[in-house]
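Per-entry structural report
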Amino acid sequence: MKYKYYFFDFDYTLVNSEKGIVECFLRTLEEFNIPAKPWDEIKLTIGMPMMDAITQVTGLADEGEKYKFLLSYKKYAAELMTPNTHFFPEAIATLKKLKAAGCTVAIISTKTRHRIEEKFQQDGQTHLIDFIIGSEDTTASKPDPQGINMALKRTGAATKEVLYVGDSLYDAGAAKNAGVDFAAVLTGNTKGEEFAPYPSVQIINSLRELQ
């Protein structure tokens, strides 16, 4: 492999969690008596900082109300998220290939770390990940580079040794701001041409093309 360190986003990069996320939003909207939004509209928020996603889906502006919504969302997530999250077919094979090559593999995501850990535990694949940096580990969301910078400090990696892999412009921005190479994978909602303003070493249709 070209790099020694491979850092990944989670949702829409390694897994399809669309059903779990949208269902949690729909149930919470119903609980708060907020009109439901179309499925295709809600899924466009996947990968956004959660409070921004809540604003976009609900129209709520008050931080206190958004936090109440988040607490209820998490209640549904405990029930619905992991059972409705599925690894893309090529994801596990790619992670196995990287580990076999001696690479360090980590996840840097706006999803909560414990929810990501739960998925790897459920599928018996915890050995494929060296560590996870989730939303509870940072104070700033992508495109802020804080998560990637934390991983760089933790591993002692030089920026030239690192590839960050993600599906969104938030991911691309975080990689750019951290000064590491970026590979865009087109398994999310972002089209290839939308990555043009950001430097990328690859724009790939699936992880099996990762170098």
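Placed above this text is the structure.
Notes on the structure follow. As the structure is a computational prediction, the values presented were derived from the model and not from experiment.

Taken N-terminus to C-terminus, the directions of helix H7 (residues 146-155) and helix H8 (residues 169-178) make an angle of 50 degrees; their axes are 8 Å apart at the nearest point. Put simply, H7 runs oblique to H8. Both H7 and H8 take part in a crossing whose hand is right-handed. From H7, Ile148, Asn149 and Leu152 reach across to H8, where they touch Ala174, Ala175 and Ala178. Taken together, the residues of the contact of H7 with H8 break down into five nonpolar, one polar and no charged.

With that out of the way, let us pick up unusual backbone geometry. Cis geometry marks the peptide bond from Lys142 to Pro143; its omega dihedral reads 15 degrees. Here Pro143 lies in the loop between strand S5 (131-133) and H7. In the Ramachandran plot, Tyr12 falls in the positive-phi region, its phi being about 70 degrees despite a non-glycine side chain. By secondary structure assignment, the location of Tyr12 is in the loop between strand S1 (5-8) and strand S2 (15-16). Taking the relative accessible area as the measure of exposure, Tyr12 reaches 4% and is therefore buried. Phi at Asn33 is positive, roughly 55 degrees, even though this residue is not glycine. Residue class for Asn33 comes out exposed when judged on its relative accessible area of 71%.

Those residues of H7 lying buried are Gly147, Ile148, Ala151 and Leu152. In an axial view of H7, the angular spread of the buried residues amounts to 140 degrees, which keeps them on one side of the axis. With respect to the buried face of H7, the exposed residues turned more than 90 degrees away are Lys153 and Arg154. Contacts from the buried residues of H7 go to S1, strand S4 (104-108), S5, strand S6 (162-166) and H8. Positive backbone phi, at 75 degrees, marks Gly156, one or two positions downstream of H7.

Membership of the largest hydrophobic core comes to 48 residues, with the highest contact counts inside it found for Phe8, Leu14, Phe25 and Phe120. Counting residues per element, this core draws most heavily on helix H4 (residues 63-80), which supplies six residues. Setting aside residues no more than four positions away along its own chain, Phe120 makes contact with Phe10, Leu14, Phe87, Leu95, Ile107, Gln125, Thr126 and Ile129. One finds Ala106, Ala178, Val180 and Ala184 within the second-largest nonpolar core, a separate group that totals 20 residues.

Turning our eyes to something else, we now look at the side chain of Thr45. Structurally, the position occupied by Thr45 is in the loop between helix H2 (39-42) and helix H3 (50-58). Beyond its immediate chain neighbours, meaning those up to four positions away, Thr45 contacts Phe25, Ala53, Gln56 and Val57.

On to the pairing of S4. As a general feature of sheets, a regular strand has side chains that alternate between the two faces. Burial analysis of S4 places four of its five residues in the buried class, the great majority of the element. With three bridges joining them, S4 and S5 adopt parallel strand pairing. Bridge pairing links Ile108 to Ile133 in S5. Following the backbone out of S4, through helix H6 (residues 113-122) and into the adjacent parallel S5, one traces a crossover that is right-handed.

The next subject is the pattern of salt bridges. Taken as a whole and judged by the stated rule, the model has 16 salt bridges. For the salt bridge of Asp130 with Lys99, the shortest nitrogen-to-oxygen distance reads 2.7 Å. With Asp130 in the loop between H6 and S5 and Lys99 in helix H5 (residues 91-100), this pair connects stretches of sequence that are 31 residues apart. Judged by its relative accessible area of 40%, Asp130 falls in the partly exposed class. Note that Arg115 is salt-bridged to Glu118, the shortest N-O span being 3.2 Å. With a gap of three residues between them, Arg115 and Glu118 both fall in helix H6, about one helical turn apart.

Each value, and the rule that gives it
- Residues numbered from 1 in each chain as written.
- Predicted model: local features only at pLDDT ≥ 70, side-chain atom pairs only at ≥ 80, totals over all residues.
- Heavy atoms only, no water.
- Axes fitted to C-alpha atoms, helices over the stretch in contact; angles between N-to-C directions.
- Helix = DSSP H or I, 4+ residues; strand = E, 2+ residues; numbered from the N terminus.
- Parallel < 35°, antiparallel > 145°, perpendicular 65-115°, else oblique.
- Left-handed = near helix turned anticlockwise from the far one by under 90°.
- Contact = heavy atoms within 4.5 Å.
- Nonpolar A, V, L, I, M, F, W, Y, C, P; charged D, E, K, R; others polar.
- Buried < 20%, exposed > 50% of the residue type's maximum accessible area, 1.4 Å probe, protein only.
- Arc of directions from axis to C-beta.
- Core = buried A, V, L, I, M, F, W, Y, C linked by side-chain atoms within 4.5 Å.
- Pairing = 2+ DSSP bridges.
- Right-handed = clockwise from strand over helix to strand, strands pointing away.
- Salt bridge = Lys/Arg side-chain N within 4 Å of Asp/Glu carboxyl O.

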